[in-house]
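Structural characterization, general
For reference, the chains in residue letters:
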Amino acid sequence: MDEPLEAAYLLSQVGAEEEAQRLRAQARGLLDQELALLLPGLPRNARVVDLGCGIGLLADALSQARTDLQVLGVDADALAVQEARRVFGHRSHLSFRAGSLQAGPAEGEELADAVILRLVLMHQADASAALQACRAWLRPGGQLHVLEGDDRAILAEPAGAWLERILALMQTVQLRRGGSRRLGLDLAGLLAQAGWRPAGLSRLDFDLERLGPVFEGVFFPVADFHLKQAVRDSLCEEEEAAFLLDQLRQGCRGGFSRAKVPLFHAWTRSEGP
Amino acid sequence: VSTGRLAPDELALWLLKPEVLAAWAAMDLPLSGEEKRQAEALDPVARERFAGRHAFLHRVLADATSLPLRAVRLRAGAGGKPQWTEGPGLQFSLSSSQGWALLALAWTPVGVDLEQVRVDADWARVWERHFSPAERQCLQALGPQARATRGFRTWTQVEALLKLDGRGLRGLEQLGPDLEAERARHWVLSLEPAPGLAASVALARAPRTWSLREAAQPGQSSGREIFGDQGSAPLLRG
């Protein structure tokens, strides 16, 4: 039976319907480019496990783009898995189940040729432990792909101290929740700390021109969520949070002449034949 | 403006965009005799790019060793690979593609290769000849764009390994099928700083710290970090 398992990020926590809507908007704007990062590395006929699959958007896109793949999406959030099954449950070569990264594969479950961790480490209190736990999912020689952003590498012009302040508050909230928004630049180091030997790194910088209105729809709700939490945690006053969000909204709606939001991808292989 | 000293066990990588390369070429820094001979053999566009990446190379070599620019004198070493034979032992590897350049710097031998990914290139035949059956099978499962990305990625690993030990492309016949074994024996990292750019760097063993930075225009402060492994605990940095 599917049971809700531990997770720092749950759909129900952030408002299930709004969050699912935001994730779909994000996918429409970004998923093609993310797929271009992942597809070249995945072996033919691979069994791929998307750990922390959420509502299944990446798992579905992978199985659509590469019909030779067998894709399993796993998430600790039973509500997200239920949504993934509702929308994509009928697809062949694609399945979903509830489960946690730390618990490893279910008894009798086939080991994976590739494991994908997309925007999962950022919600983990111990990123190194999570990376170590991925080993149990992989056959010898299997691949681990990690995708993370990094707020330190966000570029927006013109932007003053207010953007620095927003990003600093967001990071403090994330650290308190158990996670970090500043992992992408250091993915190679994180992998090495967890005993992996990094094989490659790629980087995408989503730019404002290409993202258009998606930028506001995707980034603004995240900032809004974190700043409301910052007010509750007495990290800032309500007036300041409102001012910061207003600045950000103006920036998203044409105030920025240039903006880039990076995504980092690192891959490695487990030792073995 | 300094690109910084290089610590022992450190690997420094610099990516030069076409416009940055052009700005360094315009500096017209004096090159060594061997470099001038190499540059003269090139057409004007290639000569300007050559001048740009070598001007930057001289600056970085001088900064990394805290020696004056005029102390940097390069000569053709084994296999024609330019070397700072009278220098303090600093090693470098330089690669260029379609106006971009990548420079690697370490105190031990290093090999680097950069390629701009071309979907329409006639590379499939080269890969067919030199890649292992397993690698060729992987390529076959992919669409044109992903195949080009993976093919160039693997190709840059091969070239970086060949440049590491100075074998150059003459070593290709031996190395192609043994890429897996070579990868296991060395520290090889693929680096794709932006879609459409494939690069790899190879060292005998893992450096203690490394980073890939964007080279800045002459006179500007050091460029942004693209990737890095500073050897610290990133989670503690907050």
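Residues numbered from 1 in each chain as written. Chains lettered and ligands numbered in written order. Predicted model: local features only at pLDDT ≥ 70, side-chain atom pairs only at ≥ 80, totals over all residues. Heavy atoms only, no water.

1. A closer look at the overall build of chain B
- Looking only at helices and strands, one finds nine helices and 10 strands in chain B.
- The buried share of chain B, taken over its 238 residues, is 50%.
- A total accessible area of about 10700 Å² is found for chain B, and carbon and sulfur atoms account for 51% of it. (Helix = DSSP H or I, 4+ residues; strand = E, 2+ residues; numbered from the N terminus. Buried < 20%, exposed > 50% of the residue type's maximum accessible area, 1.4 Å probe, protein only. Areas by Shrake-Rupley, 256 points an atom, 1.4 Å probe, with all protein chains shown as cover.)

2. What about the nonpolar core?
- If you look at the biggest cluster of nonpolar residues, it comprises 52 residues, and the most contacted ones within it are L121, L131 and L144 of chain A together with L11, V201 and W210 of chain B.
- For L11 of chain B, the residues in contact, after removing those within four places along its chain, are A104, L105, A106, V110, W187, V201, L203, P207, T209, W210 and S211 of chain B.
- One finds L62, L69 and F88 of chain A together with A146 of chain B within the second-largest nonpolar core, a separate group that totals 36 residues. (Core = buried A, V, L, I, M, F, W, Y, C linked by side-chain atoms within 4.5 Å. Contact = heavy atoms within 4.5 Å.)

3. Describing the packing of helix α5 (residues 133-140) of chain B against helix α6 (residues 144-164) of chain B
Residues and elements named next belong to chain B.
- Look at α5 against α6: their axes get within 9 Å of each other, and the N-to-C directions meet at 155°. Overall, the two elements α5 and α6 adopt an arrangement that is roughly antiparallel. With respect to the hand of their crossing, α5 and α6 are arranged in right-handed fashion. Only R147, R150, G151 and T154 of α6 make contact with α5, whose side of the interface consists of E135, C138 and L139.
- Grouping the amino acids of the contact of α5 with α6 by side-chain chemistry returns two nonpolar, two polar and three charged. (Axes fitted to C-alpha atoms, helices over the stretch in contact; angles between N-to-C directions. Parallel < 35°, antiparallel > 145°, perpendicular 65-115°, else oblique. Left-handed = near helix turned anticlockwise from the far one by under 90°. Nonpolar A, V, L, I, M, F, W, Y, C, P; charged D, E, K, R; others polar.)

4. What to know about α5 of chain B
All names here are of chain B.
- Within α5 the residues assigned to the buried category are E135, C138 and L139. Along α5, the residues classed as buried sweep out an arc of 100° about the axis, all on the same side. Opposite the buried face of α5, at more than 90 degrees from it, the exposed residues are P133, A134 and Q140.
- Buried residues along α5 sit in contact with α4 (123-130) and α6. (Arc of directions from axis to C-beta.)

5. Regarding helix α3 (residues 44-65) of chain B
- In this model α3 of chain B runs 32 Å from its N-terminal to its C-terminal C-alpha over 22 residues, within 8% of the 32 Å that 1.5 Å per residue would give.
- The backbone nitrogen of V45 of chain B lies 3.0 Å from a side-chain oxygen of the residue at the head of α3 of chain B, namely D43 of chain B. (Expected span 1.5 Å × (residues − 1). Polar contact = N/O pair within 3.5 Å; in protein donor to acceptor, adjacent residues only side chain to side chain.)

6. Description of the packing of aromatic side chains
- According to the stated counting rule, one finds 11 aromatic pairs over all chains in the structure shown.
- Here F88 of chain A and F96 of chain A contribute two aromatic rings whose centre-to-centre distance is 6.5 Å and whose plane-to-plane angle is 35°, an arrangement assigned as tilted.
- Given the relative accessible area of 7%, F88 of chain A is considered buried.
- Ring geometry for F264 of chain A and F227 of chain B: centres 6.3 Å apart, planes at 70°, overall edge-to-face. Remark: F227 of chain B occurs in strand β10 (residues 225-229) and F264 of chain A occurs in strand β8 (residues 258-269); the pair is interchain, linking two chains. For the pair F264 of chain A and F227 of chain B, one class covers both residues: buried.
- Through pairs of rings, three or more aromatic residues link up here, namely W123, W127, F131, F152 and W155 of chain B.
- Cation over ring: R135 of chain A sits above W196 of chain A, and NZ or CZ is 4.2 Å from the ring centre. (Phe/Tyr/Trp six-rings, centres within 6.5 Å; stacked < 30°, edge-to-face > 60°. Lys NZ or Arg CZ within 6 Å of the ring centre and 35° of its normal.)

7. Observations concerning the side chain of R53 of chain B
Residue and element names in this part refer to chain B.
- Assignment of secondary structure puts R53 in helix α3.
- Salt bridges are absent for the buried R53, whose nearest opposite-charge side chain, E35, sits at 8.9 Å.
- Filtering out sequence-adjacent residues up to four positions away, R53 remains in contact with L21, L94, S96 and A101. (Lys, Arg positive; Asp, Glu negative; His and termini not counted. Salt bridge = Lys/Arg side-chain N within 4 Å of Asp/Glu carboxyl O.)

8. Thoughts on the confidence of the model for chain A
- Mean pLDDT over chain A works out to 88, with 93% of the residues at or above the 70 mark.
- Least confident of the elements in chain A is helix α1 (residues 11-14) of chain A, whose mean pLDDT is 63; most confident is strand β1 (residues 47-51) of chain A, at 98. (pLDDT = per-residue confidence, 0-100.)

9. Considerations on the interface of chain B and chain A
- Facing the 35 residues of chain B at the interface are 34 residues of chain A.
- Across the chain B to chain A interface the summed buried area is about 2700 Å²; carbon plus sulfur atoms make up 52%.
- If you look at where chain B meets chain A, you find one salt bridge.
- A salt bridge links D205 of chain A to R224 of chain B, with the shortest nitrogen-to-oxygen separation between them at 3.9 Å.
- Elements represented by at least two residues in the side of chain B that touches chain A include exactly α5, α6, α8 (179-185), β7 (187-192), β10 and α9 (234-237) of chain B.
- Sorting elements by how many residues they give to the side of chain B that touches chain A places β7 of chain B first, with six residues.
- Per-class residue counts for the side of chain B that touches chain A are 18 nonpolar, eight polar and nine charged.
- In the sheet, strand β7 (residues 198-207) of chain A pairs with β7 of chain B via three bridges, with the strands oriented parallel. (Buried area = accessible area lost by both parts, 1.4 Å probe. Pairing = 2+ DSSP bridges.)

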